[in-house]
Amino acid sequence: MQTPIVGIDLGTTNSVVSILEDKLPKTLLVDGQKLLPSVVCLTTDGMLVGKVAKNMAILEPENTVASIKRKMGQDVEITIGNRQMRPEEVSAVILQKIRQAVLDHYQLAADAIVKAVITVPAYFTEEQREATKQAAELAKLQVERIINEPTAAALAYGMSHLEETILAIYDLGGGTFDISIIESDAGLVEVRATTGNNQLGGDDFDALLAAKIWEDFLATNKLGNIAASRKEQARLNRIAEQTKIKLSTSESVDIQESFFFKTNDTNYHLEQTITRKDFEALIHDKVAETVTHLAKAIDEADLTKADLAGIILVGGSSRIPLVSQLIEAQLKMKPVLIDLPDEAVAHGATIQGAIINKLDIDTVLVDITPHSLGVAVIDDLTYSMENVMELMKQKEAIEAGEAKEEDFPDDLAAAAIITKNSPIPIKKSSFFHASSPFQKKYLIEVFQGEGERFHENRIIGEARLEVKDPVEDGKIEVTFELDINGLLKLTAVETSSKVEVKATFQSSKGKKMRKSQLKEVEVLSIEVTENTLIKRAEALLVIPTIDAEDKEELQTLVDSYRTAEANEAVEELAKLEDEILDLLYYLEKAEA
Ligand code: AMP
């Protein structure tokens, strides 16, 4: 076969490797997972990399190294177990693991050439870039190019095909936050400004949530003020991250962990409900800080938000709904969450690799909508004092016969349902509340454009809906379906009576954009390690000195694991695997 060319996002928290398949970038699973934790652990059997090493980090901090990216380019040595290693050597261990996954995937010999494009933050100095290159060479990768992460994200977004476009790339990952303003001109993609906070990311959100869970747990059980042990902390961190991820799509999460804590022979279980609001209150200030950086970056690049074609969100933590909400509230511009936000940078690197090697990448053009489409809504401004005063004057004019009612449209807000640059065809819905109790008539006015106020946009039509038996708090669901010819089909349904209205409008036509890697990658599959995991668990189950309750907990987990395995419940398996690992490390350590 041809020499493989891969894209590598060598991240602070996680690394991702992507290959070209069917002319599209695709994430290659390493140890059955898309994200390989950038953690290295030294054991008597050699180096461990990834999830297993990450679990060791809590219990054997002296033998593990995480976040080595922060030290790249520094003239230092890190002590890991009984060894001294330079940052590039530690990174090389991670890259070796990645190279091995590539060799395995293509069934290549150990000495085969693997070409790589590796990404680094835009603010990386020459020394840091050079150290990254050396790490790759130590790992026997042939470095094709080192490129900037935001550039890679823009390539994944399809930017090299957009003429003269300026985008803001907002990248909120596990341990770092970066914001870059980038410009493309005739296929050339360039970083114009970059800023951020390299000590801010999803890990901080996990820590805040873990602390809250622990505090609430102690308070509920009247346990006073106790510090969590390593075992509890390990579990808390895992629970916090899982809860945080679920809260990106659910309004609330019920946490249930049996045998969470034991004191004076009493077992305590962890049972808590965390709502999205609770979580948002914890992280609000940190997210607000990122939005301030974003506004500053636009300013520093001598731009206004009107110059931007879009704000693109990448990085796993960008999936948190509060991120989009705060950006939109402050900048009055809806950001676009890139497809597969934690894989996009690696995918962009693969696209760059394909371009360098003149490989064919998918050139199918996708249509995107050049404008946002939405409806008029009442907001606080509509009834602001100023507007009310104006309304009174208008009323007098109408009563005096000097004007007609239709001369004075209300000052309504523009609520976008489909946002600018969305690939089409697309179908999206939003809910709206009635403006008064027992409202019978709804007027749905449709616009296209980016203005914040309804009247600043192009009005493309309206639809009316009437309900016979209105309810006190009426609600309608408005669905927009936009086809590639710009034809917009509207369906509005009053949710209690199910009365509906349909209408069709013509909006401006879409423009062409080359298709990037919008395809979903396949469902996770779990490989290796589990068998050894169960073997280790079984070995512990027969040791007489181990506490009976710990054994019971382990046995329950092992049984659940076997059931999940039989049912091929992949997500459940991954969760159980984590739980078993947490417990194993604790028990093994206690036995050692
Ligand atoms: P990255 O460095 O881009 O891989 O991002 C990793 C961070 O994203 C970790 O802190 C994850 O916990 C976080 N993350 C991943 N998926 C989600 C999600 N759906 N909601 C919130 N955070 C997430």
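Everything numeric here is computed off the predicted structure, so don't read it as measured data. (Residues numbered from 1 in each chain as written. Predicted model: local features only at pLDDT ≥ 70, side-chain atom pairs only at ≥ 80, totals over all residues. Heavy atoms only, no water.)

Caption draft 1: Structural context of the overall build of the protein. Scanning the protein from N- to C-terminus turns up 13 helices and 29 strands. By the compact-globule yardstick of 25 Å for 592 residues, the protein fits well, its C-alpha radius of gyration being 27 Å. Taken along the three principal axes of its C-alpha coordinates, the protein extends 95 × 65 × 45 Å. Partitioning the contacts of the protein with sequence separation of at least 6, the portion at a separation of at least 24 is 67%. Summing over all exposed atoms, the protein offers an accessible surface of approximately 28700 Å²; the carbon and sulfur share of this is 49%. Charged side chains in the protein number 64 positive and 100 negative. The centres of these two groups are separated by 3 Å. (Helix = DSSP H or I, 4+ residues; strand = E, 2+ residues; numbered from the N terminus. Rg over C-alpha atoms; globule rule 2.2 N^0.38 Å. Contact = heavy atoms within 4.5 Å. Areas by Shrake-Rupley, 256 points an atom, 1.4 Å probe, with all protein chains shown as cover. Lys, Arg positive; Asp, Glu negative; His and termini not counted. Charge placed at Lys NZ, Arg CZ, Asp CG, Glu CD.)

Caption draft 2: Geometry of the sheet that holds strand 24 (residues 441-448). With antiparallel pairing, the four strands of this open sheet are ordered in space as 21-20-24-25. Two strands close off the open sheet at either side, each with one partner strand: strand 21 (413-418) and strand 25 (458-466). Direction aside, the axes of adjacent strands within the sheet are offset by 30° on average. (Pairing = 2+ DSSP bridges. Axes fitted to C-alpha atoms, helices over the stretch in contact; angles between N-to-C directions.)

Caption draft 3: Quick look at the packing of helix 2 (residues 87-106) against helix 3 (residues 126-138). Helix 3 packs onto helix 2 with a crossing angle of 50° between their chain directions and a minimal axis gap of 8 Å. What the angle tells us is that helix 2 and helix 3 run oblique. Pair helix 2 / helix 3 crosses with right-handed handedness. On helix 3, the residues that touch Glu88, Glu89, Ser91, Ala92, Leu95 and Gln96 of helix 2 are Ala131, Gln134, Ala135, Ala136 and Leu138. Looking at the contact of helix 2 with helix 3, its residues break down into six nonpolar, three polar and two charged. (Parallel < 35°, antiparallel > 145°, perpendicular 65-115°, else oblique. Left-handed = near helix turned anticlockwise from the far one by under 90°. Nonpolar A, V, L, I, M, F, W, Y, C, P; charged D, E, K, R; others polar.)

Caption draft 4: Region of the structure containing the pairing of strand 11 (residues 142-148). Note that strand 10 (residues 115-120) and strand 11 share six bridges and pair parallel. When the sheet's bridge partners are listed, Thr119 is paired in strand 11 with Ile147.

Caption draft 5: Quick look at the pattern of salt bridges. Here the structure, examined in full by the defined rule, presents 25 salt bridges. Put simply, Lys51 and Glu577 hold a salt bridge, and the shortest N to O gap is 3.8 Å. Of the two residues, Lys51 sits in helix 1 (residues 51-59) while Glu577 sits in helix 13 (residues 570-591), which places them 526 residues apart along the sequence. We classify Lys51 as buried; its relative accessible area is 18%. Taken together, the salt bridges that share partners define one network made up of Arg235, Arg238, Glu257, Glu553, Lys575 and Glu579. (Salt bridge = Lys/Arg side-chain N within 4 Å of Asp/Glu carboxyl O. Buried < 20%, exposed > 50% of the residue type's maximum accessible area, 1.4 Å probe, protein only.)

Caption draft 6: Focus on the packing of helix 7 (residues 276-300) against helix 8 (residues 321-331). The interhelical angle for the contact between helix 7 and helix 8, taken along N-to-C directions, is 45°, at an axis separation of 8 Å. Here helix 8 runs oblique to helix 7, going by the angle between their axes. Crossing angle aside, the handedness with which helix 7 passes helix 8 is right-handed. Here Arg276, Glu280, Ile283, His284, Val287, Ala288, Val291, Thr292, Leu294, Ala295 and Ile298 of helix 7 come into contact with helix 8, specifically with Pro321, Leu322, Val323, Gln325, Leu326, Ile327, Gln330 and Leu331. Tallied by class, the residues present in the contact of helix 7 with helix 8 amount to 13 nonpolar, four polar and two charged.

Caption draft 7: Just the site of the ligand, in detail. Close to the ligand lie 14 residues; Gly174, Glu241, Lys244, Ser248 and Gly316 are nearest. Between the ligand and Glu241 there is a distance of 2.5 Å, counted from an oxygen atom to a side-chain nitrogen or oxygen. Within the contact set of the ligand, a nitrogen atom lies 2.6 Å away from a side-chain nitrogen or oxygen of Ser248. Coverage of the ligand by the protein amounts to 89% of the 510 Å² it exposes when considered alone. The element that contributes the greatest number of residues to the shell around the ligand is helix 6 (residues 230-247), accounting for three residues. (Near = heavy atom within 4 Å. Polar contact = N/O pair within 3.5 Å; in protein donor to acceptor, adjacent residues only side chain to side chain.)

Caption draft 8: Spatial organisation of the packing of aromatic side chains. All chains considered together, the criterion is met by ten aromatic pairs. Measuring from ring centre to ring centre gives 5.7 Å for Trp214 and Phe261, while their planes differ by 75°; the resulting arrangement is edge-to-face. Separated by 47 residues along the polypeptide, Trp214 in helix 5 (residues 202-220) and Phe261 in strand 15 (residues 252-263) bring together distant segments of the chain. Here Phe261 falls in the buried class, since its relative accessible area comes to 7%. By way of ring pairs, the aromatic residues Trp214, Phe217, Phe260, Phe261 and Tyr268 are connected into one cluster. (Phe/Tyr/Trp six-rings, centres within 6.5 Å; stacked < 30°, edge-to-face > 60°.)

Caption draft 9: Region of interest: the nonpolar core. In this structure, Tyr170, Ile181, Ile213, Phe217, Leu294, Ile311 and Ile327 are the most contacted members of the largest nonpolar core, which totals 47 residues. Excluding its chain neighbours within four sequence positions, the residues that come into contact with Tyr170 are Phe177, Asp178, Ile179, Thr290, Leu294, Ile312, Leu313, Val314, Ser318, Val323 and Ile327. (Core = buried A, V, L, I, M, F, W, Y, C linked by side-chain atoms within 4.5 Å.)

Caption draft 10: Representation of the pairing of strand 12 (residues 165-172). Among the eight residues in strand 12, eight count as buried, and that is most of the element. Here strand 12 shows no split at all, with Thr165, Leu167, Ile169 and Asp171 on one side and Ile166, Ala168, Tyr170 and Leu172 on the other all buried. The sheet contact formed by strand 12 and strand 13 (residues 177-185) spans eight bridges and is antiparallel. What sits directly across from Asp171, in strand 13, is Asp178. In sequence, strand 12 turns back onto strand 13 through a hairpin of four residues.

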